[in-house]
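# Structural features, examined
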Amino acid sequence: MSLFSAVEMAPRDPILGLNEQFAADTNPNKVNLGVGVYFDDNGKLPLLQCVQAAEKTMMDKPTARGYLPIDGIAAYDAAVKGLVFGADNEPVKSGRVATVQAIGGTGGLKIGADFLKKVSPTAQVLISDPSWENHRALFTNAGFEVGTYAYYDAEKRGVNFDGMLASLNAAAPGTIVVLHACCHNPTGYDITAAQWDQVIAAVKAKGLTPFLDMAYQGFGHGIAEDGAVIGKFVAAGLNFFVSTSFSKSFSLYGERVGGLSVLCADKAEADRVLSQLKIVIRTNYSNPPTHGGAVVAAVLNNPELRALWEKELGEMRVRIKAMRQTLVDGLKAAGVKQDMSFITSQIGMFSYSGLSKDQMVRLRNEFGVYGTDTGRMCVAALNSKNIDYVCKAIAQVV
Ligand code: PMP
């Protein structure tokens, strides 16, 4: 009898499982709208020019790879702080932000979750209904009970904002609330600036702990525009967590570049928090990898490369928006009677299409068009070559 004989087969990851099915599909017209990855108009994963330029400079002057400090490359952490809080703004200037380099946005969330379990062991965690599925798994694995706050309104095709506020107002003090800073995954519906003010007021009044997940900064309205929500939390005098991901914004998925920032009351507190974050990291994977962090730091800290990055990110954002409009027009032209214009009121990489599970299964089986069973499609995987096919396929199933 083996030690593992009673080990059960874990369920397949729903999205990665879809990828495997896609890879095995022999349909020559197949389109993968399942994963949250940006592809260019040729259906290719971009390697950004700013990244190539930074890598070239690095390769021209190769350096040995020693261990990084536990909290990562100092210039990287400084760049993350600048991007999230604004380098010239009070939180950074006063030194009350504790930032660590993390293994992707997921790593930032995980470090934050493990640290929170130490400081707030009995707190409940609330994630949006629905949310990126890993939010639930990650906080559950960190030892928390995870519930949801109301978010998506399927009837209205938008945010059930009254429900969201009601959920927050009903939460016990100390509840950790995971909020999508922008480009909500999976629905594509964000709340407005005025609604953020109301969320912040509720969070403050109820003494909740905000954890902002910033996985798509720059994909909504712009880097600064998407980051503005952070300024609102700062202005409200709150202490909070922000996880950052550069996976999409630098198209560096496999480099696992992300971060975690914790806004504390003052510098002394931030120093203590940082020391604890370092223990979480040290006891999990000791210290982060070098390459991706070095590339991002080189780009963000060099004015020319940074300008190039902003331009390239802007192009990705604009292309996704154009695809949303083309999708709405294409569906109409393909004979879809219902009003699909809600797709252009969504933002970021995803669209909750409103299609049922049965319709999504038909799209997959009959047309090789892959989205998740929940009806989520990645608009960032549409291009001028596959969009007609996708529109016609959708028209056949609705
Ligand atoms: N949060 C959200 C909402 C996401 O969509 C993702 C990526 N799909 C992440 C976090 C994780 O990002 P990363 O791949 O950098 O770990």
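Residues numbered from 1 in each chain as written. Predicted model: local features only at pLDDT ≥ 70, side-chain atom pairs only at ≥ 80, totals over all residues.

- Per an unreviewed UniProt entry, the protein chain goes by the name Aminotransferase and belongs to Hydrogenophaga atypica.
- Listed under Subunit (unreviewed entry) in UniProt, the entry text for the protein chain is "Homodimer." (UniProt positions renumbered as here; feature names shortened; annotations may be inferred.)

## Structural notes on the overall build of the protein chain
- The helix and strand tally for the protein chain stands at 15 helices and 13 strands.
- Along the first, second and third principal axes, the C-alpha set of the protein chain runs to 60 × 60 × 55 Å.
- Per-residue burial over the protein chain gives 45% buried out of 398 residues.
- Considering only intrachain contacts with a sequence separation of at least 6, the fraction spanning at least 24 residues in the protein chain is 75%. (Helix = DSSP H or I, 4+ residues; strand = E, 2+ residues; numbered from the N terminus. Buried ≥ 20, exposed ≤ 12 C-beta atoms within 10 Å, placed from the backbone. Contact = placed C-beta atoms within 7 Å.)

## Brief notes about the nonpolar core
- V177, L212, L277, V296, V299, M349 and V379 are the most contacted members of the largest nonpolar core, which totals 112 residues.
- Top contributing element to this core by residue count: helix α12 (residues 303–333), with eight residues.
- Beyond its immediate sequence surroundings of up to four residues, V379 is in contact with I320, M323, R324, L327, M349, F350 and S351. (Core = buried A, V, L, I, M, F, W, Y, C linked by C-beta atoms within 7 Å.)

## Notes on unusual backbone geometry
- At the junction of D129 and P130, the peptide bond is cis and its omega measures out at 0° in the coordinates.
- Mapped onto the elements, P130 comes out in the loop between β3 (124–129) and α6 (133–141).
- Here the residue pair N185 and P186 is connected by a cis peptide bond, since its omega of 20° sits within 30 degrees of zero.
- With a phi angle near 55°, R256 is a residue other than glycine that sits in the positive phi range.
- Relative to the helices and strands, R256 is located in the loop between β9 (240–245) and β10 (257–263).
- What makes R256 buried here is the crowd of 21 C-beta atoms within 10 Å.
- We note that S286 has phi near 75°; this positive angle belongs to a residue other than glycine.

## Some thoughts on the UniProt feature "domain: Aminotransferase class I/classII large" (unreviewed entry) in the protein chain
- Taking the numbering used here, the UniProt-annotated feature "domain: Aminotransferase class I/classII large" (unreviewed entry) corresponds to residues 29–394.
- Within residues 29–394, the helical portion is 47% and the strand portion 16%, while the C-alpha atoms at the span's ends are 14 Å from each other.

## Re the sheet that holds strand β4 (residues 145–150)
- Reading across the sheet, the seven strands line up as β2-β10-β9-β8-β7-β3-β4 and stay open at both edges, with mixed pairing between neighbours. Each having just a single partner strand, β2 (97–103) and β4 make up the two edges of the open sheet. Strand-to-strand twist across the sheet, computed as the mean angle between neighbouring axes with direction ignored, equals 25°. (Pairing = 2+ DSSP bridges. Axes fitted to C-alpha atoms, helices over the stretch in contact; angles between N-to-C directions.)

## Considerations on the environment of T26
- Position of T26 among the secondary structure elements: in the loop between α1 (14–24) and β1 (31–32).
- On the basis of neighbour counts, which here come to 6 C-beta atoms within 10 Å, the residue T26 falls in the exposed class.
- As a C-alpha pair, T26 and I230 span 204 residues in sequence and 45 Å in three-dimensional space.

## Examining the pairing of β3
- Sheet topology note: the β3/β4 ladder contains six bridges and is parallel. The partner of D129 across the bridge, within β4, is A150.
- At this point the chain moves from β3, through α6, to the parallel β4, and the crossover so formed is right-handed.
- As defined by bridge partners, β3 adjoins strand β7 (residues 176–180) across two bridges and the pair is classed as parallel. Note on β7: the bridge partner recorded for L126 is V177. (Right-handed = clockwise from strand over helix to strand, strands pointing away.)

## A closer look at the packing of helix α3 (residues 74–85) against helix α9 (residues 223–235)
- Orientation of α3 relative to α9, taken along the N-to-C sense of each, is 80°, at an axis distance of 7 Å. Comparing the axis directions of α3 and α9 gives the class roughly perpendicular. Residue-level contacts link L83, V84 and F85 of α3 to G227, I230 and V234 of α9.
- In terms of residue class, the contact of α3 with α9 is built from five nonpolar, one polar and no charged. (Parallel < 35°, antiparallel > 145°, perpendicular 65-115°, else oblique. Nonpolar A, V, L, I, M, F, W, Y, C, P; charged D, E, K, R; others polar.)

## Comments concerning the site of the ligand
- The full set of residues close to the ligand is G36, G104, G105, T106, W132, H180, N185, D213, A215, S245, S247 and G258.
- Residue contributions to the shell around the ligand peak at three residues, all from helix α5 (residues 104–119).
- Split into classes, the residues belonging to the shell around the ligand amount to two nonpolar, nine polar and one charged. (Near = placed C-beta within 6 Å.)

## Side note on helix α14 (residues 357–367)
- Turning to α14, its buried residues are M360, L363 and R364. In an axial view of α14, the angular spread of the buried residues amounts to 90°, which keeps them on one side of the axis. Of the residues in α14, the exposed ones pointing more than 90 degrees away from the buried face are D358, N365 and E366.
- The inward-facing, buried residues of α14 abut β12 (369–370) and α15 (387–397). (Arc of directions from axis to C-beta.)

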